[in-house]
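Residue-level listing of the chains:
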Amino acid sequence: MSNPIADGVWPTMLTPFHENKIDLGSLQELVEWYIRNGVNGLFAVCQSSEMFFLSLEERAALARKVVQYAGGRVPVIASAIFVDQIDDHIDEIKQLADTGIEGCVLITNRYQDESDPGDDRFKRTVERILREVPDIAFGLYECPYPYKRLVTPELLRWCADSGRFLFLKDTCCDLSQIKAKIDAVKGTKLKIYNANSATLLESLKLGAAGFSGVMANFHPDLYAWLMANWRNEREKAERLQHFLGIASMIEWQCYPVNAKYYLQLEGLGLSTQSRVRSDKDFGATDQLLVKQLKAMSDQFRKEFCLARV
């Protein structure tokens, strides 16, 4: 199995809503915006997509539409949520596989209780999934909700050795752990994508394949520039990294409402509606901070001659 998961920027996609339904018109506009801003792939059906607040039917429809709108220009991956029974989970994976995604992402905290420190149940479950769903690649996502379960380098290598796992969205935010994971999967097809903006540049130097995080919903073109130029434009890359790290503190604001508001400033027509957070909690000062973030992002775009189409 070759790896269709390109190096680079993989936004954790937002889900636009209108009257509490997925807004397909705004979704198509959003996919176009991501691609226009230089992303290398799309991670649909993730926590930023409000996946825990979507039905299975909605999750499958969302993945299918993102694949359709991307039209083969960039690959698409999507998460499967394990809720109760393994048979239902395998059925969900098969439904997602039928949408045309390049890979189905398994959430690392869904297979055993937080109090169980071992990996035996995870391995048994994954072995069954690999047997019963033979025709699709997989990824791993260290989702912070309902609790963060980090993958050990040993377990990551076990997954990589299957030949079926191509992607890890890493949320450890720790360069020593990232290095250990990168070292563990050397010589395999599995690539590691850092979700943490502050450690991104240093993780690229260690061998990370790219960025898959919240902030690619604000200024993905700046992350794309960093990915393309960090080796040859060291001074600019360091300055940009300093900005991206500090800018990522906006994640602690009213997310994902603030990201949807930022996209409105970009000229997109989506609403700020969310099933996770009320947009009524996103006040005037919050809006001002997002406007200031956009103004600073635009300064870097101007300096780096990034086209704004």
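Residues numbered from 1 in each chain as written. Predicted model: local features only at pLDDT ≥ 70, side-chain atom pairs only at ≥ 80, totals over all residues. Heavy atoms only, no water.

Caption draft 1: Local environment of the overall build of the protein chain. If you tally the helices and strands in the protein chain, you get 11 helices and 10 strands. Against the globule reference of 19 Å for 309 residues, the protein chain gives a C-alpha radius of gyration of 19 Å, in line with a compact fold. Seen through its C-alpha atoms, the protein chain measures out along the principal axes to roughly 50 × 45 × 40 Å. With 309 residues in all, the protein chain has 55% of them scored as buried. Accessible area of the protein chain: about 13,100 Å², with a carbon and sulfur share of 49%. Of note, the protein chain has its 37 positive side-chain charges centred 3 Å away from the centre of its 41 negative side-chain charges. (Helix = DSSP H or I, 4+ residues; strand = E, 2+ residues; numbered from the N terminus. Rg over C-alpha atoms; globule rule 2.2 N^0.38 Å. Buried < 20%, exposed > 50% of the residue type's maximum accessible area, 1.4 Å probe, protein only. Areas by Shrake-Rupley, 256 points an atom, 1.4 Å probe, with all protein chains shown as cover. Lys, Arg positive; Asp, Glu negative; His and termini not counted. Charge placed at Lys NZ, Arg CZ, Asp CG, Glu CD.)

Caption draft 2: Molecular detail of the nonpolar core. Counting 108 residues, the largest nonpolar core has Leu-42 and Phe-138 as its most contacted members. Other than its neighbours up to four places away in sequence, Phe-138 contacts Ile-93, Cys-104, Leu-106, Ile-129, Leu-130, Val-133, Arg-164, Phe-165, Leu-166 and Phe-167. (Core = buried A, V, L, I, M, F, W, Y, C linked by side-chain atoms within 4.5 Å. Contact = heavy atoms within 4.5 Å.)

Caption draft 3: Representation of the pairing of strand 9 (residues 191-194). Sheet analysis places strand 8 (residues 165-170) next to strand 9, joined by four bridges and oriented parallel. Across the sheet, residue Phe-167 finds its bridge partner in strand 9, namely Lys-191. Taken together, strand 8, helix 6 (residues 175-184) and strand 9 constitute a β-α-β crossover, and its handedness is right-handed. Here two bridges tie strand 9 to strand 10 (residues 210-211), and the two strands are oriented parallel to one another. Paired with Tyr-193 across the strands is Gly-210, a residue of strand 10. In this view, the connection linking strand 9 to its parallel neighbour strand 10 by way of helix 7 (residues 200-206) has right-handed handedness. (Pairing = 2+ DSSP bridges. Right-handed = clockwise from strand over helix to strand, strands pointing away.)

Caption draft 4: Here's a closer look at empty space enclosed by the protein. For the structure on display, the rule yields one cavity of 30 Å³ or more. In this model, the largest cavity occupies a volume close to 40 Å³. Along the walls of the largest cavity sit Ile-5, Ile-77, Glu-102, Gly-103, Val-105, Ala-137, Phe-138, Gly-139, Leu-166 and Phe-167, which together make up its complete lining. Broken down by secondary-structure element, the contributors of at least two residues to the lining of the largest cavity are strand 6 (103-107), strand 7 (137-141) and strand 8. The element that contributes the greatest number of residues to the lining of the largest cavity is strand 7, accounting for three residues. For the lining of the largest cavity, a count of residues per class yields seven nonpolar, two polar and one charged. (1 Å grid on protein atoms, 1.4 Å probe; cavity = no way out; pocket = protein on both sides within 12 Å on 5 of 7 lines; lining within 4 Å. Points joined across faces, edges and corners; volume = space filled by probe spheres on them. Nonpolar A, V, L, I, M, F, W, Y, C, P; charged D, E, K, R; others polar.)

Caption draft 5: Fine view of the layout of surface pockets. When its volume is computed, the largest pocket comes out at roughly 830 Å³. Gln-47, Pro-144, Val-214, Glu-251 and Tyr-255 are the residues nearest the centre of the largest pocket, which is lined by 30 residues in total.

Caption draft 6: Broad picture of the packing of aromatic side chains. Evaluation of the coordinates by the stated rule reveals 15 aromatic pairs. Aromatic pair Phe-218 and Tyr-262: ring centres 5.3 Å apart, planes at 70°, arrangement edge-to-face. A residue pair is termed long-range when its members are at least 10 positions apart, and Phe-218 in the loop between strand 10 and helix 8 (220-229) and Tyr-262 in helix 10 (residues 257-265) qualify at 44 residues. No difference in accessibility class separates Phe-218 from Tyr-262, as the two residues are buried. Grouped by ring-pair contacts, the aromatic residues Trp-10, Phe-43, Tyr-141, Phe-167 and Tyr-193 constitute a single cluster. (Phe/Tyr/Trp six-rings, centres within 6.5 Å; stacked < 30°, edge-to-face > 60°.)

Caption draft 7: Seen up close, the pattern of salt bridges. Summed over the entire model, instances satisfying the criterion amount to 21 salt bridges. Between Glu-202 and Lys-205 there is a salt bridge, with its nearest N and O atoms 3.1 Å apart. Taken together, the positions of Glu-202 and Lys-205, both in helix 7 and three residues apart, correspond to about one turn of that helix. Its relative accessible area of 36% is what places Glu-202 among the partly exposed residues. When its relative accessible area of 36% is taken as the criterion, Lys-205 is described as partly exposed. In this structure, the salt-bridge partner of Asp-298 is Lys-294, at a minimum N-O distance of 2.8 Å. Linking Asp-298 with Lys-294, this pair stays in helix 11 (residues 284-303), spanning four residues, or about one helical turn. Overall, the relative accessible area of 27% leaves Asp-298 in the partly exposed class. Looking at Lys-294, the relative accessible area reads 16%, which means it is buried. Look at the salt bridges and you will find they share partners, linking Asp-221, Glu-266, Lys-294, Asp-298 and Arg-301 into a network. (Salt bridge = Lys/Arg side-chain N within 4 Å of Asp/Glu carboxyl O.)

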